[in-house]
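# Chains, contacts and geometry: an overview
Chain by chain, the residues:
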Amino acid sequence: MRRIILSTESGADLPEDLAEKHAVQVVPMHVIMDGKDYLDGSLPVQDIYDYYDRTKKIPSTTATNAHEYHDFFTKIKVDYPDCIIIHIGYTSKASASFQSAVIASEDFEDLFLIDALNVTGGLAAIVMHAATLLENEPAIKPDRLVEKIEAIIPKSRLAFVPGSLEFLRAGGRVSNVAYLGGALLKLKPRIELIDGKLVSTKKYRGKMSGVAEKLLHDYLNQFDIDREQLYFQYSIGLDESIKLRVEEIAKEYGFKNIKWMQAGAMISTHAGPGGFGIAGLEV
């Protein structure tokens, strides 16, 4: 029986322990800072915040290119001879990374590409669902596994509140007027993935402690999330008391397993410090 290997991008923010446990291969995306190109995962997130404090600029991010994907897939084939690769990619609507994978895939057989139309925890939830399917049915045929993964993509729900409007402004993601208005009124935008695109769907007022609770209640009232697993994302700077409170609330809703995931350098570049997000799969 030929082994199936799952792969994804660093923009999934898949915790290292889960990647190792399930043998998920992760290709790094890029963060450009001070004229230097860093692989996502090699740059401490705190360096990004320190850079912003010094310069009032945020780093830029770039996709994994086709040459890197070619090397990545080649290494998987070397490490797992005769394997079949199923790559679950970062949304093509927000990055050129998936297109790079498509270009690189032309030189490989037994390689399936899936556009997950999601990022960070929403992407990680899909990857972990795929890993569970594979472990529960190790003899599953690759095309059948691909069908099951593609079927769950529309059910992956991600919502988050950035910790800092300054990072959105510095990255050109909100206008100065919207930024000033939001800062003065202490408004925080709720951002979701809709059809693979990041969309601001609501605004919350107040401190992050209250906003995080409102986001969680709204999210769980809006979506019928599978109570087996819930994913929380955070960027460095989110207060520990907030983490404890939202976890308590999730348990009150009946969630059996809760996994915290720290935003990596690539995601943190856009979300800023102190952000909070939620991801799960609808039943």
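A brief structural summary. (Residues numbered from 1 in each chain as written. Predicted model: local features only at pLDDT ≥ 70, side-chain atom pairs only at ≥ 80, totals over all residues. Heavy atoms only, no water.)

## Digging into the overall build of the protein
When helices and strands are counted, the protein shows 11 helices and 13 strands. In terms of overall dimensions, the protein is globule-like: its C-alpha atoms have a radius of gyration of 19 Å, near the 19 Å expected for 283 residues. Taking the principal axes of its C-alpha atoms as reference, the protein extends roughly 60 × 45 × 30 Å. For the protein, the residues scored as buried account for 51% of the 283 residues in total. Across the protein, every contact between residues at least 6 apart in sequence was considered, and the portion connecting residues at least 24 apart equals 75%. (Helix = DSSP H or I, 4+ residues; strand = E, 2+ residues; numbered from the N terminus. Rg over C-alpha atoms; globule rule 2.2 N^0.38 Å. Buried < 20%, exposed > 50% of the residue type's maximum accessible area, 1.4 Å probe, protein only. Contact = heavy atoms within 4.5 Å.)

## With respect to the pattern of salt bridges
Evaluated as defined, the whole model comprises 16 salt bridges. A salt bridge links Lys202 to Asp218; the shortest N-O distance between them is 2.8 Å. Of the two residues, Lys202 is situated in strand β10 (residues 197-205) and Asp218 in helix α9 (residues 208-222); the sequence distance between them amounts to 16 residues. Of the charged contacts, one joins Arg245 and Glu248 as a salt bridge, the two residues approaching to 3.1 Å between their closest N and O atoms. One end of the pair, Arg245, and the other, Glu248, are both in helix α10 (residues 240-252), three residues apart, so they sit about a helical turn from each other. (Salt bridge = Lys/Arg side-chain N within 4 Å of Asp/Glu carboxyl O.)

## Digging into the sheet that holds strand β2 (residues 25-27)
Strand pairing in a sheet relies on backbone hydrogen bonds. The paired strands run either parallel or antiparallel. Read across the open sheet, the four strands follow the order β2-β1-β6-β7; overall the sheet is parallel. Two strands close off the open sheet at either side, each with one partner strand: β2 and β7 (111-115). Shown here is a sheet whose adjacent strand axes are inclined to one another by a mean of 25 degrees, direction ignored. Looking at chain direction, strand β6 (residues 84-89) and β7 are connected through five bridges and run parallel. Bridging from a neighbouring strand, Ile88 pairs with Ile114 of β7. Strands β1 (4-9) and β6 of the sheet are contacted by helix α5 (residues 120-136), whose axis makes an angle of about 175 degrees with β1. Packed on one face of the sheet, helix α6 (residues 142-152) meets β1, β6 and β7 and runs near 10 degrees to β6. (Pairing = 2+ DSSP bridges. Axes fitted to C-alpha atoms, helices over the stretch in contact; angles between N-to-C directions.)

## Regarding the packing of aromatic side chains
Within this structure, the stated rule accounts for nine aromatic pairs. Among the aromatic residues, those joined into a ring-pair cluster are Tyr69, Phe72, Phe73 and Phe108. Between the NZ or CZ atom of Lys243 and the centre of the ring of Tyr234, over which it lies, the distance is 3.5 Å. The ring of Trp260 carries the charged tip of Lys243 above its face, separated from the ring centre by 5.8 Å. (Phe/Tyr/Trp six-rings, centres within 6.5 Å; stacked < 30°, edge-to-face > 60°. Lys NZ or Arg CZ within 6 Å of the ring centre and 35° of its normal.)

## A look at α5
An ideal rise of 1.5 Å per residue puts 24 Å on 17 residues; α5 measures up with 24 Å between its terminal C-alpha atoms. Within α5, 13 of the 17 residues are buried, leaving the element largely enclosed by the surrounding structure. (Expected span 1.5 Å × (residues − 1).)

## Here we look at the pairing of β10
Two strands pair when backbone bridges link them, and strand β9 (residues 187-194) and β10 are joined in this way by eight bridges, in the antiparallel orientation. Residue Ile191 lies in a different strand from β10, and its bridge partner there is Ser200. What sits between the antiparallel neighbours β9 and β10 is a turn of two residues, in which Asp195 has the positive phi angle 55 degrees.

## As for the sheet that holds strand β11 (residues 230-234)
Taken together, six strands build an open sheet; the order of strands is β10-β9-β8-β13-β11-β12 and the sheet is mixed. At either end of the open sheet lies a strand with only one pairing partner, and these are β10 and β12 (258-262). Across the sheet, the mean angle separating the axes of adjacent strands is 20 degrees when strand polarity is ignored. The sheet contacts of α5 involve β8 (156-161), β11, β12 and β13 (276-281), and relative to β8 the element is tilted by about 150 degrees.

## A word on the packing of α5 against α6
Closest axis-to-axis distance for the α5/α6 pair is 10 Å, and the angle between their directions is 145 degrees. Pair α5 / α6 crosses with right-handed handedness. Listed contacts from α6 to Ile126, His129, Ala130, Leu133 and Leu134 of α5 are Leu145, Lys148, Ile149 and Ile152. Looking at the contact of α5 with α6 residue by residue, the classes come out as seven nonpolar, one polar and one charged. (Left-handed = near helix turned anticlockwise from the far one by under 90°. Nonpolar A, V, L, I, M, F, W, Y, C, P; charged D, E, K, R; others polar.)

## Let's talk about the nonpolar core
Grouped together as the largest cluster of nonpolar side chains are 53 residues, with contacts concentrated most on Leu14, Ile86, Ile88, Leu145 and Ile149. The dominant element in this core, judged by the number of residues it contributes, is α5, at 10 residues. Ile88 has contacts with Ser7, Thr8, Glu9, Ile114, Ala116, Leu123, Ile126, Val127, Ala130 and Ile149, leaving out every residue within four places of it along the chain. If you look at the next biggest cluster of nonpolar residues, it comprises 23 residues, including Val211, Ile225, Leu230 and Ala250. (Core = buried A, V, L, I, M, F, W, Y, C linked by side-chain atoms within 4.5 Å.)

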